[in-house]
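# Survey of secondary and tertiary structure
The chain contents come next:
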Amino acid sequence: MLDQRPLAGIRVVELAGLAPGPFGGMVLSDFGADVVRVDPAGVTESTDVLSRGKRSISLSLKDPRGLAVLKTMLSAPTTDKSLWRADVLIDPFRPGVLERLGLAPADLLKANPGLIIARVTGFRREGPYGKMAGHDINYIALSGVLSMIGRKGDKPLFPLNLLGKAFDRDFAGGGLMAALGVVMAIVERNKTGKGQVVEIDMVTGARYLSSFVLMLAKPSYEGASFSGPRGENLLDSGAPFYEVYETKDGGYMSLGALEPKFYKEFLTILLKSVPASLIPSPAPTPTSRFDIDTWPTLRSFFEAAFLHRTRDDWTSIYIGTDSCCVPVLSPLEVDSHGLSSIEPGNTVSEEGSTPVPAPTLSRTPARGVKDWQDSDTFVIVPGRDTRDVMREAGLGGEVEKLVKDGVMGASKKDSKL
């Protein structure tokens, strides 16, 4: 059956690395690209859980013969279009590594002018941090965003590894930006026939993702709502109606009733759902929510009110309303499509679930999680597909000799896509 996914026919070499590169590769794979991960020869196990739909070859890039194999895979297409040649290279290495391997982008583009090279770094490639090691917490620290996250009077609170790497600046500012950049470069190549370098660093990516809050932090902007100290602004826990509250059973409810009509509905329901003894005097009203002097009292009331019932009780009270009040769910309570176990008629495995690809395309959707039933499709064995890929690249006759010499690794386990 012909693969109808939008990136079907695109071939990608992903040099094995940490989260941002693999996530970008997984996005491309989900939407149809044939992604081949290049693992180091001699490595027999992988902990990369972002491998679904990919294939793996094991190759020593320190051996000239291994490097020659990779250069062949990255070379310009031959007259035999069936031979495997890459459209895209994902480089996850720190600045200078690719060049030291003899794979400088300028040389690769000279050999294959249509190649797209996505280079993912943490810090900006140029500058004093360029050659330093780092992680998401460091990248968002330099982006100006980390200083904005946290409670009043407390130190900055770093988020999960999402904004940099994908929502973590690693994942959103790195991997997702890489996938987006590759797709844009493919669209442009369809017009000109030319490839290019797609440069991604997670500091810049994090700032771009955070454009909304960074613009609202500008003191010169009349509507600045992030110009105050950390934890004292409208959307950073400063306002009691944009906050997380603990419930009677140790669960939590999220409240985001910003607009007047939503706050009115939330408050009306809340006042009917707690004992009169908990309600302060005078009682809060929908029109007084922006009276900052009342916020401490209002916050104390909300805290006491939510502690009066369990999370599921509050969920049943607010579900179906325009109150912007929903439960905080654990990973094990949400299925692949984001539906929770507390929703009527829905169940979730005790192991939790794997997120489905997004966005959903109506006519040419990504391959769904249900298409991968075996656990080894998420964490693949290095070298699992070496023989298959080498044969497709026209290099099958060299495999056994290179495996014997340790230049390649080839698992006996069959590919399962």
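Whatever comes next refers back to the structure up there.
Below is a summary of the structure that appears in this document. (Residues numbered from 1 in each chain as written. Predicted model: local features only at pLDDT ≥ 70, side-chain atom pairs only at ≥ 80, totals over all residues. Heavy atoms only, no water.)

### Points about the sheet that holds strand 10 (residues 325-327)
The condition is simple: Paired strands are those between which DSSP finds at least two bridges. Only runs of H or I of at least four residues qualify as helices and only runs of E of at least two qualify as strands under DSSP, and these elements are numbered from the N terminus. In this analysis, axes come from line fits to C-alpha atoms, helices being fitted only over the stretch in contact, and the angle between any two N-to-C directions falls in the range 0 to 180 degrees. Whether two residues are in contact is decided by their heavy atoms: any pair within 4.5 Å suffices.
In spatial order, the strands read 8-9-10; together these three strands make up an open sheet with antiparallel pairing. The open sheet has two edge strands, strand 8 (242-246) and strand 10, and neither has a second partner. Within this sheet the neighbouring strands show an average axis-to-axis angle of 20°, counted without direction. In terms of strand pairing, strand 9 (residues 252-256) meets strand 10 through three bridges, oriented antiparallel. Its bridge partner being in strand 10, Ser-254 is matched across the sheet by Val-326. Most of the contacts of helix 11 (residues 311-318) go to strand 9, to which it runs at about 35°, and overall it touches strand 9 and strand 10.

### A word on helix 2 (residues 64-74)
For clarity, the threshold we go by: Throughout, exposure labels follow a simple rule: accessible area from a 1.4 Å probe, protein chains only, divided by the maximum for the residue type, with under 20% read as buried, over 50% as exposed, and the rest as partly exposed. Relevant arc is that of directions from the helix axis to the C-beta atoms, nothing else. Two N or O atoms form a polar contact when they lie within 3.5 Å of each other; inside protein one atom must be a possible hydrogen donor and the other a possible acceptor, and for residues adjacent in sequence the pair counts only when both atoms belong to side chains.
Every buried residue belonging to helix 2 is among Gly-66, Leu-67, Val-69, Leu-70, Met-73 and Leu-74, and all of these are buried. The arc that holds every buried residue of helix 2, seen down its axis, measures 155°, which confines them to one face. Two or three places before Arg-65, at the opening of helix 2, Asp-63 has a side-chain oxygen 2.8 Å from that residue's backbone nitrogen.

### Things to note about the state of the cysteines
The condition that has to hold: Two cysteine sulfurs form a disulfide in these notes if their separation is within 2.5 Å.
Scanning the entire structure with this criterion turns up zero disulfides. No disulfide involves Cys-325; its nearest neighbouring cysteine sulfur is the one of Cys-324, lying 8.9 Å away.

### Concerning the pattern of salt bridges
How we decide: Think of a salt bridge as a Lys or Arg side-chain nitrogen and an Asp or Glu carboxyl oxygen that are within 4 Å of each other.
According to the stated counting rule, one finds 21 salt bridges in the structure shown. Notably, a salt bridge pairs Glu-14 with Lys-54, separated by 2.7 Å at the nearest N-O pair. In this pair, Glu-14 sits in strand 1 (residues 11-15) while Lys-54 sits in the loop between strand 2 (34-40) and strand 3 (55-59), placing the two residues 40 residues apart along the sequence. Comparing Glu-14 with Lys-54 shows no difference in burial state: the two are buried. In this structure, Arg-151 engages Glu-243 in a salt bridge whose closest nitrogen and oxygen atoms are separated by 2.5 Å. Of the two residues, Arg-151 sits in the loop between helix 5 (136-143) and strand 6 (164-165) while Glu-243 sits in strand 8, which places them 92 residues apart along the sequence. Note on Arg-151: relative accessible area 41%, which makes it partly exposed.

### Digging into the packing of aromatic side chains
Note the cut-off: Any Phe, Tyr or Trp ring, taking Trp's six-membered ring, that has another such ring centre within 6.5 Å forms a pair; planes under 30 degrees apart are called stacked, those over 60 apart edge-to-face, and the others tilted. Comment: the charge-over-ring label is applied if NZ (Lys) or CZ (Arg) is within 6 Å of the ring centre and within 35 degrees of the ring normal.
Scanning the entire structure with this criterion turns up 14 aromatic pairs. Considering the side-chain rings of Phe-241 and Tyr-263, the 5.6 Å spacing of their centres and the 65° angle between planes classify their relative orientation as edge-to-face. Note that Phe-241 is positioned in the loop between helix 8 (211-216) and strand 8 and Tyr-263 in helix 9 (residues 260-273), a separation of 22 residues in sequence. Here the two residues Phe-241 and Tyr-263 agree in accessibility, since each one is buried. Within the aromatic cluster, the residues linked to one another by ring pairs are Phe-241, Tyr-245, Tyr-263, Phe-266, Phe-290, Trp-295, Phe-301, Phe-302, Phe-306, Trp-314 and Tyr-318. The positively charged end of Arg-289 is found above the aromatic ring belonging to Phe-241, 5.3 Å away from the centroid.

### Brief notes about unusual backbone geometry
With the exception of glycine, the majority of residues adopt a negative phi angle, and the majority of peptide bonds are in the trans configuration. A cis amide bond links Ser-281 to the next residue, Pro-282, at an omega of 0°. Locating Pro-282 in the fold gives a position in the loop between helix 9 and helix 10 (295-306). For the bond running from Ala-358 to Pro-359, omega is 5°, close enough to zero to count as cis. Tracing the chain through its elements places Pro-359 in the loop between strand 10 and helix 12 (386-392). Of note in this structure, Ser-237 is not a glycine but carries a positive phi near 85°.

### With respect to the side chain of Arg-299
With respect to the helices, strands and loops of the structure, Arg-299 is situated in helix 10. At 2.9 Å, the side chain of Arg-299 and the backbone oxygen of Ser-237 are in polar contact. A polar contact of 2.9 Å, which involves the side chain of Arg-299, links it to the backbone oxygen of Gly-238. Excluding its chain neighbours within four sequence positions, the residues that come into contact with Arg-299 are Ser-237, Gly-238, Ala-239, Pro-240, Glu-243 and Tyr-245.

### Description of the environment of Trp-314
Along the chain, Trp-314 turns up in helix 11. With residues near it in sequence (within four places) discarded, Trp-314 still touches Thr-247, Met-253, Leu-270, Ser-273, Val-274, Ala-305, Phe-306 and Arg-309.

### Quick word on the pairing of strand 1
Heads up, the rule is: Orient the strands so they point away from the viewer; a crossover is then right-handed if the path from the first strand over the helix to the second runs clockwise.
For strand 1, the tally of buried residues reaches four of five residues, placing the bulk of the element in the interior. Pairing of strand 1 with strand 2, which is carried by five bridges, proceeds in the parallel orientation. By the bridge assignment for strand 2, Val-13 is matched with Val-36. Each parallel crossover has a hand, and for strand 1 linked through helix 1 (residues 20-30) to strand 2 it is right-handed. In the sheet, strand 1 pairs with strand 4 (residues 88-91) via three bridges, with the strands oriented parallel. The partner of Glu-14 across the bridge, within strand 4, is Ile-90.

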